[in-house]
Amino acid sequence: MSRKIAVRMDDITPDMNWENFRFFQELFEKAGITPLLGIVPDNQDEELCCEKPREDFYEVMRGLKEKGCCFALHGCHHLYTTKKSGLFPLNTSSEFAGVPYEKQKEMLAFGKKKLEEQGIAADIFMAPSHSYDNNTLRALKELGITKITDGFGKEPYTYGGMTFYPISFWLGCSLKQRNGVTTLLIHANTVTEADKERYRKIFEEYGKNMISYSEYLERTPVKRMLPGRIGEYLLAKGKNLLRRIRR
């Protein structure tokens with residue numbers, strides 16, 4: 001059985017790089033798939049501000065919803081307020097990890113409501129910098145959000161009342177594996193022309209293995225025990241350390 005690849009796009013905002021966003025939409029259409037789009041409900045991160053905000057942003061998002069796109073709550077303001085790594089330590093900054101439970105719940109409830117008011121029901125959480133803690137999970141469950149796009153593995157898995165949809169560990173290796181599903185992460189705002197050419201080649205070579213994110217959500221998750229979560233934590237920690245050494 002060949003490896004299946006789902007796609008998620010982070011940092012979806014009214015003031016994102018729309019030219020790059022359209023570039024990827026064309027790749028998705030050619031491959032016959034739809035991605036998971038992580039919307040920042042109230043973007044206050046200046047690094048994500050690429051151009052003048054589009055007033056028809058949510059109209060565009062609702063149109064993509066009709067075409068089959070899925071949506072995730074990508075934090076609240078996309079501002080990093082702590083240096084905590086959280087439960088999945090790929091990075092050392094966070095909008096949520098280390099923040100008191102009540103504050104986290106307040107931000108998540110605000111973001112969820114804002115998207116719902118625009119006709120976008122985001123029942124998946126996409127943590128900025130992949131960083132969240134136990135209080136984040138507790139708040140999400142209180143708000144009825146029980147899916148997270150994060151973790152490592154070949155299939156969706158359940159743990160602690162949540163369902164996790166793993167991302168790729170190393171993209172090159174993940175694309176070539178023979179079974180299971182992985183998630184290709186795309187940050188369109190920072191994509192260069194050279195990056196675009198690389199993505200074109202990826203879609204040309206692996207497009208036949210790509211699936212819509214909605215299909216990924218239909219796969220039956222496996223149950224993961226504590227040792228598996230510990231192993232995942234160590235892998236994320238090791239990748240973070242290796243990335244810092246290479247810099």
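Because the structure is predicted, anything quoted here is derived from the model rather than measured.

## Details of the overall build of the protein
Reasoning step 1: The number of helices and strands found in the protein is eight helices and nine strands.
Reasoning step 2: Expressed as lengths along the three principal axes of its C-alpha atoms, the size of the protein is roughly 45 × 45 × 40 Å.
Reasoning step 3: A burial count over the protein gives 51% of its 247 residues as buried.
Reasoning step 4: For the protein, the computed accessible surface area is about 12000 Å², with 51% contributed by carbon and sulfur atoms.
Reasoning step 5: Within the protein, one finds 38 positive and 33 negative side-chain charges whose respective centroids are separated by 8 Å.

## Describing a nonpolar patch on the surface
Reasoning step 1: Side chains of Leu226, Ile230 and Leu234 sit close together on the surface and give an oily, nonpolar patch of about 290 Å² of accessible area.
Reasoning step 2: Position of Ile230 relative to the elements: it lies in helix H8 (residues 226-246).
Reasoning step 3: We classify Ile230 as partly exposed; its relative accessible area is 45%.

## Section: the side chain of His130
Reasoning step 1: Within the fold, His130 resides in the loop between strand E4 (124-125) and helix H4 (134-142).
Reasoning step 2: His130 gets classed as buried once you look at its relative accessible area, which sits at 10%.
Reasoning step 3: Polar contacts involving the side chain of His130 include one to the side chain of Asp150, which spans 2.7 Å.
Reasoning step 4: If we ignore the near neighbours within four places in the chain, the residues touching His130 are Arg8, Phe88, Leu90, Asn91, Asp150, Ile167 and Leu185.

## Structural notes on the sheet that holds strand E7 (residues 162-164)
Reasoning step 1: The mixed open sheet is built from nine strands, whose spatial order is E8-E1-E2-E3-E4-E5-E7-E6-E9. The sheet is open, and its two borders are formed by strand E8 (181-186) and strand E9 (222-223), each paired with just one other strand.
Reasoning step 2: Two strands pair when backbone bridges link them, and E4 and strand E5 (residues 147-148) are joined in this way by two bridges, in the parallel orientation. Considered in E5, the bridge of Ile124 is made with Lys147.
Reasoning step 3: Sitting on the sheet, H4 touches E4, E5 and E7, and the angle it makes with E7 is about 110°.

## Comments concerning the nonpolar core
Generally speaking, soluble globular proteins have nonpolar side chains that are buried together.
Reasoning step 1: Counting residues in hydrophobic clusters, the biggest one holds 57 residues, and the most contacted among them are Phe24 and Met61.
Reasoning step 2: For this core, the leading source of residues is helix H1 (residues 18-31), giving six residues.
Reasoning step 3: Phe24 has contacts with Met9, Ile186, Ala188, Val191 and Tyr199, leaving out every residue within four places of it along the chain.
Reasoning step 4: Residues Leu36, Cys70, Ile211 and Tyr213 belong to the second largest nonpolar core, which totals 11 residues.

## Focus: unusual backbone geometry
Backbone geometry follows two general trends: most residues other than glycine have a negative phi, and most peptide bonds adopt the trans configuration.
Reasoning step 1: Residues other than glycine seldom take positive phi values, yet Ser129 does so here, at roughly 60°.
Reasoning step 2: Turning to its location among the elements, Ser129 is positioned in the loop between E4 and H4.
Reasoning step 3: When its relative accessible area of 17% is taken as the criterion, Ser129 is described as buried.
Reasoning step 4: For His130, which is not glycine, the phi torsion reads 60° and is therefore positive.

## Thoughts on the packing of helix H3 (residues 101-117) against H4
Reasoning step 1: Between H3 and H4, whose axes approach to 9 Å, the crossing angle comes to 45°. In terms of axis orientation, H3 runs oblique to H4. The crossing of H3 and H4 is right-handed. Each of Tyr101, Gln104, Lys105 and Leu108 in H3 lies in contact with H4, whose residues at this interface are Asn135, Thr136, Arg138, Ala139, Leu140 and Glu142.
Reasoning step 2: The class makeup of the residues in the contact of H3 with H4 is four nonpolar, three polar and three charged.

## Observations regarding the environment of His78
Reasoning step 1: On the secondary structure map, His78 appears in the loop between strand E3 (70-73) and H3.
Reasoning step 2: Filtering out sequence-adjacent residues up to four positions away, His78 remains in contact with Asp11, Val40, Asn43, Asp45, Leu48, Glu95 and Pro128.
Reasoning step 3: A polar atom in the side chain of His78 sits 3.1 Å from the side chain of Asp11.
Reasoning step 4: Of the polar contacts made by the side chain of His78, one reaches the side chain of His74; its length is 3.5 Å.

## Re H1
Reasoning step 1: Here H1 is 14 residues long and its end C-alpha atoms lie 20 Å apart, about the 20 Å a rise of 1.5 Å per residue gives.
Reasoning step 2: Here H1 has its buried residues at Trp18, Asn20, Phe21, Phe23, Phe24, Gln25, Leu27 and Phe28.
Reasoning step 3: Turning to H1, the residues buried within the fold contact strand E1 (4-12), strand E2 (36-39), helix H2 (57-66), E8 and helix H6 (193-206).
Reasoning step 4: Between a side-chain oxygen at the N-terminus of H1 and the backbone nitrogen of Glu19 the separation is 3.2 Å; the capping residue is Asn17.
Reasoning step 5: Among the residues trailing H1, Gly32 stands out with phi positive, at a value near 75°.

Criteria and thresholds
Residues numbered from 1 in each chain as written. Predicted model: local features only at pLDDT ≥ 70, side-chain atom pairs only at ≥ 80, totals over all residues. Heavy atoms only, no water. Helix = DSSP H or I, 4+ residues; strand = E, 2+ residues; numbered from the N terminus. Buried < 20%, exposed > 50% of the residue type's maximum accessible area, 1.4 Å probe, protein only. Areas by Shrake-Rupley, 256 points an atom, 1.4 Å probe, with all protein chains shown as cover. Lys, Arg positive; Asp, Glu negative; His and termini not counted. Charge placed at Lys NZ, Arg CZ, Asp CG, Glu CD. Patch = residues over 30% accessible without salt bridge, like charges linked within 9 Å, V, L, I, M, F, W, Y side chains within 5 Å. Salt bridge = Lys/Arg side-chain N within 4 Å of Asp/Glu carboxyl O. Polar contact = N/O pair within 3.5 Å; in protein donor to acceptor, adjacent residues only side chain to side chain. Contact = heavy atoms within 4.5 Å. Pairing = 2+ DSSP bridges. Axes fitted to C-alpha atoms, helices over the stretch in contact; angles between N-to-C directions. Core = buried A, V, L, I, M, F, W, Y, C linked by side-chain atoms within 4.5 Å. Parallel < 35°, antiparallel > 145°, perpendicular 65-115°, else oblique. Left-handed = near helix turned anticlockwise from the far one by under 90°. Nonpolar A, V, L, I, M, F, W, Y, C, P; charged D, E, K, R; others polar. Expected span 1.5 Å × (residues − 1).

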